[in-house]
Amino acid sequence: MPETILVCVAWPYANTPLHAGQIAGAYLPADIFARYHRMRGNRVLMVSGSDAHGTPITVRAEAEGISPQAIFERNHASFLETFERFGISFDLFTSTATDNHAQVSQELFLQLREAGYIYPAEQTLLYDPKADRFLPDRYVEGTCPVCGYEGARGDQCDNCGSTLDAIELINPRSRFSDATPVPRPSTHFFLKLSAFNEPLREWVERQEHWRPAVRNFTLGLLREGLHDRGITRDLDWGIPVPVEGFEGKRIYVWFEAVIGYLSASIEWASRNGTPEAWCDFWEDPSARTYYFQGKDNVPFHTTIWPAMLMGRGGLNLPYDVPANQYVTMSGAKASSSRNWAVWMPDYVARHDPDPLRYMLSAIMPETSDSDFTWAEYVRRNNDELVATWGNLVNRVLTFTRRNFDARVPEPRAMLAPESQAILDAVDAAFEEVGQHIEAVRLRAALQAAMSVAQQTNRYLDERAPWSAIKQDRESAAETLYTAINVISGLASLFQPFMPFTSPVAWSLGGNQGDIEGAGWRRSPVPAGTSLPEPSPLFKKLDDALVDEEEARLGR
RNA sequence: GGCAGGGUAGCUCAGUGGUAGAGCAGGGGACUCAUAAGCCCUUGGUCGGCGGUUCAAAUCCGCCCCCUGCUACCA
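Everything numeric in this text was worked out from a predicted model, so none of it was measured. (Residues numbered from 1 in each chain as written. Chains lettered and ligands numbered in written order. Predicted model: local features only at pLDDT ≥ 70, side-chain atom pairs only at ≥ 80, totals over all residues. Heavy atoms only, no water.)

### Points about the confidence of the model for chain A
Looking at chain A as a whole, its pLDDT mean stands at 90, while 98% of the residues score no less than 70. Per-residue pLDDT, averaged within each element of chain A, yields its smallest value for strand β7 (residues 152–153) (74) and its largest for helix α9 (residues 278–282) (98). Reported for the predicted complex are a pTM of 0.93 and an ipTM of 0.85. (pLDDT = per-residue confidence, 0-100. Helix = DSSP H or I, 4+ residues; strand = E, 2+ residues; numbered from the N terminus.)

Here's what the structure looks like:
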C-alpha cells in the first residue's frame, strides 16, 4: 500500500546564493528522504521556492541601484542551477512572486479574518520623513537605553545584548537617510496567535516522534505563551493586503512565505494538468507532511504555520519537523558578509556533487552543530568513497573482466555460508537503512550502508579469489558472482545519498535501465550477464586541495 | 538573564541503567585482485566537575563550569 508523503523544504531568501550549510540543513536531507520514498514506490511531492519579498531584498536592491525584482530573479536562477547540478530533486521549486501564491495567500488571509483570527489595530511606528517610509526596527540606530551604547540597532543592542523596541532608542536615526525618525500611527492586521496557545500545546505534547530539540524548544515557546503578531507592513514590495483602505500596505513575509508550501502544491497540481491532485497531500489525513529546515526556522513551522492551519481547518498539520542544527565552517558560523562559507555555485563549478553530498550526510547536524573542514572532506573522499566503496567496485569488476571474459561468473549450485551471509547482509540492510531514513536519521542510515561495503571488502579478503583462481576456479567464480550481486544492492542503498555515482555503479554491476525505477531492493544480476568496461566512481583528491579551498574562505 | 542543545580516546563523533565504542591519526603484521586501495592485530579515555539515587550510571536527579544556538517589530 503506497504512502502519500509531502516533503516541504524551507524557502530560501533570495538575497544571496546558497551555501553548503543551508544544503546540509534542509535541501539535502529533504532530497535523500524524497528519493528514498520514491524508490519505495510511495507517492511523493517535494516543494519549495524562493522567498522573494521582505526588507533585506529591497535594501540590497537600493544598494545596487536595481529593482527588488532583479535581485530576486538573479538569485532564483542561481538556486535552480544549484539544485539541478547538485541533484536536489524538487517536484516544483517556485517562488513567492507568482500570481498563484499571491492569490492563495490573500485567500487564506481572508479566511482567517473571516474566522476571527485576524484583526486590525493601530500601532505607533517610526517613520523616516526624508526617505518617506516606515522603518523596520533593524534599520533604526541610536543609543541603547539599557547600557548607553551608541550603535544599538532598533531590534537589539549588540553591546549588551538587550532586546529592544526601536521606539525606546535614545537619539534614533534612520539608516536609510540619517534623518531623525518620528513616531507615526498606522493601522495593521494582527494574527491572533494567543488563541492557539492551548490547542498547539496539546498537539505538540502528542508529537513524541519529534526530535527532542524541536519538541522541547516548541514546548518552551508555548509555556511562555504566544503573542499576537502583526502580519502587515507599510511597504510597497510584497503581496497587497486584500482589504479596502489598506492599499499601499503589504502582507508581511513570515506570514505569507509559509503559505508557499500550500500554494506551491496547488501550482504543481495545475501544471501537471491534475488541478485537484494537491488535495491528496493536504486533505487526506493518512498523508504525512514533513518540513525540512534549519533550527532558526522552527518557531514558524511548529507554532505559527500550524496555528494558521488550525484556524483555517481541513488541512493536514505537520507530521514531523526534522530541523537540523548548523554546520559551521572550520569552527565558525557561516557568514555571507565575511564570505565564510562554501558557496554552492562555486562548489558545483569546480567539484563533483556526490563527495559533498556524502560528506554533508555523514556530518549532518541532526543532534548538535557539526563542523565542516576541507581536510575532513578530502579524507572522507579518499578513505571512504575511493578506498572503501569505489575501490570495492573497481577491484571486483576489473578482476572479473580479466578472468571471466567480462561476464558474471556462474556460481556453484549451493553457495558457501559466507557467500550467502553477505548477500543476506545487503538484503537486510534495505530494511535497516530504510528504517533510519524514515525516522530521518540520515547519518545512521548512511553509516549502515557503508558498513556493508566494509563487510564486503572483508569477505573478498577471506575468499581471496586472486589466489583461489589458481587451484579452484569455481570458488573464485562464486566469490565474484556474490560480490557483483552485493555491489548491485549497495548501489541502490547509496542511491538516495549519491544519485550521480550510484547509477554508474549499478550499471557497472551489469544492471540495465533506471536504478530508481528498480525500487528499494537489490536487483539480482544473473550469471552470464555481460559487464561493461569499469571506470573509477570517484577521483582521489590531493591534499593541496585543502589549502586551496581554505584560502578562499574569508576573502 | 531566560530557554534549548552539547561537553565521551590526539581529531571528528556514536552510545539514555548492566564489564567504555566507531572512523581517522600512531605502532605491528600477513596478502597483492584493486585509484599503494583492501584485510588482521595493536597503543590510547578517572565518559566537563562535585554530590546524590541504585546491587549497578556516560546513561536518572541536584548544583557548578565551559561551548553553541534562540530570545519573536509585546500590537
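Now that the structure is up, let's keep going.
### Structural notes on the protein's contact with RNA strand B
The full set close to RNA strand B counts 44 residues, and Asp228, Arg229, Asp369, Asn391 and Lys540 are the nearest of them. Near the protein, within 4 Å, the atoms of RNA strand B are sugar or phosphate in 67% of cases. Contact distances for RNA strand B include 2.7 Å between a phosphate oxygen and a side-chain N or O atom of Asn216. Mapped by element, the contributors of at least two residues to the surface near RNA strand B are β4 (118–128), α6 (212–224), β10 (229–230), β16 (370–372), α13 (374–403) and α15 (442–463). Examining the composition of the surface near RNA strand B, we find that 11 residues originate from one element, α13, more than from any other. (Near = heavy atom within 4 Å. Polar contact = N/O pair within 3.5 Å; in protein donor to acceptor, adjacent residues only side chain to side chain.)

### Some words on the nonpolar core
Counting 111 residues, the largest nonpolar core has Val7, Tyr27, Phe372, Tyr377, Trp389 and Leu490 as its most contacted members. Taken domain by domain, this core gets at least three of its residues from each of domain 1 (4–106 + 253–342) and domain 3 (373–508). Once residues within four sequence positions are removed from consideration, Leu490 is found in contact with Trp389, Leu392, Val426, Ala449, Val452, Ala453 and Thr456. The next biggest cluster of nonpolar side chains, apart from the first, holds 57 residues, and it includes Trp11, Leu108, Leu200 and Phe246. (Core = buried A, V, L, I, M, F, W, Y, C linked by side-chain atoms within 4.5 Å. Buried < 20%, exposed > 50% of the residue type's maximum accessible area, 1.4 Å probe, protein only. Domains from an automatic or database assignment. Contact = heavy atoms within 4.5 Å.)

### Looking at helix α8 (residues 260–271)
Along its 12 residues, α8 runs 16 Å from first to last C-alpha, staying within 8% of the 16 Å computed at 1.5 Å per residue. Those residues of α8 that sit buried are Gly260, Tyr261, Leu262, Ser263, Ala264, Ser265, Ile266, Glu267, Trp268 and Ala269. Downstream of α8 by a residue or two, Gly273 has a phi angle that is positive, lying close to 75°. (Expected span 1.5 Å × (residues − 1).)

### Quick notes on a negative patch on the surface
Negative charge collects at one region of the surface, where Asp542, Asp543, Asp547, Glu548 and Glu550 lie side by side. Following the sequence through the fold, Glu548 ends up in helix α19 (residues 544–552). (Patch = residues over 30% accessible without salt bridge, like charges linked within 9 Å, V, L, I, M, F, W, Y side chains within 5 Å. Areas by Shrake-Rupley, 256 points an atom, 1.4 Å probe, with all protein chains shown as cover. Salt bridge = Lys/Arg side-chain N within 4 Å of Asp/Glu carboxyl O. Lys, Arg positive; Asp, Glu negative; His and termini not counted. Charge placed at Lys NZ, Arg CZ, Asp CG, Glu CD.)

### Description of the sheet that holds strand β11 (residues 232–233)
A sheet is described by the order of its strands in space; here 3 strands give the open sequence β11-β13-β12, paired in antiparallel fashion. Each having just a single partner strand, β11 and β12 (239–240) make up the two edges of the open sheet. In the sheet, β12 pairs with strand β13 (residues 250–251) via 2 bridges, with the strands oriented antiparallel. Of the residues in β13, the one forming a bridge with Pro240 is Arg250. (Pairing = 2+ DSSP bridges.)

### Comments concerning the domain arrangement of chain A
Along its sequence, chain A is organised into domain 1 (4–106 + 253–342), domain 2 (114–251) and domain 3 (373–508). When each unit is reduced to the centre of its C-alpha atoms, the spacing between domain 2 and domain 3 is 55 Å.

### With respect to the packing of aromatic side chains
Using the criterion set out here, one finds 31 aromatic pairs in the structure. Ring centres 4.5 Å apart and planes at 55° place the aromatic pair Phe33 and Tyr290 in the tilted group. Placement of the pair is Phe33 in helix α1 (residues 20–39) and Tyr290 in strand β14 (residues 288–292), with a sequence separation of 257 residues. Looking at Phe33, the relative accessible area reads 0%, which means it is buried. Each ring, one from Tyr119 and one from Phe190, has its centre 5.9 Å from the other, and the planes form 20°; the classification is stacked. Placement of Tyr119 in strand β4 and of Phe190 in strand β9 (residues 182–191) is noted, with a sequence separation of 71 residues between them. Three or more aromatic residues link up through ring pairs in this structure, and these residues are Phe109, Phe189, Phe246, Trp254, Phe255 and Phe300. For Arg184, the ring lying beneath its charged end belongs to Tyr127, and the centroid distance is 3.8 Å. Residue placement shows Arg233 over the ring face of Tyr252; its charged tip is 3.8 Å from the ring centre. (Phe/Tyr/Trp six-rings, centres within 6.5 Å; stacked < 30°, edge-to-face > 60°. Lys NZ or Arg CZ within 6 Å of the ring centre and 35° of its normal.)

### Points about helix α5 (residues 197–205)
Among all positions of α5, only Asn197, Leu200, Trp203 and Val204 are buried. Summarising the axial view, the buried residues of α5 lie within an arc of 135°, below the 170-degree limit, and thus occupy one face. Looking at the buried residues of α5, the elements they touch are α6 and α10 (298–312). (Arc of directions from axis to C-beta.)

### Here we look at the pairing of strand β2 (residues 43–50)
Counting buried positions along β2 gives 7 out of 8 residues, so the element sits mostly inside the fold. Where strand β1 (residues 4–9) lies against β2, 5 bridges are found, and the strand directions are parallel. Among the inter-strand pairings, Cys8 is bridged to a residue of β2, identified as Val47. At this point the chain moves from β1, through α1, to the parallel β2, and the crossover so formed is right-handed. Inspection of the sheet shows β2 paired to strand β3 (residues 92–95) by 4 bridges, in the parallel sense. (Right-handed = clockwise from strand over helix to strand, strands pointing away.)

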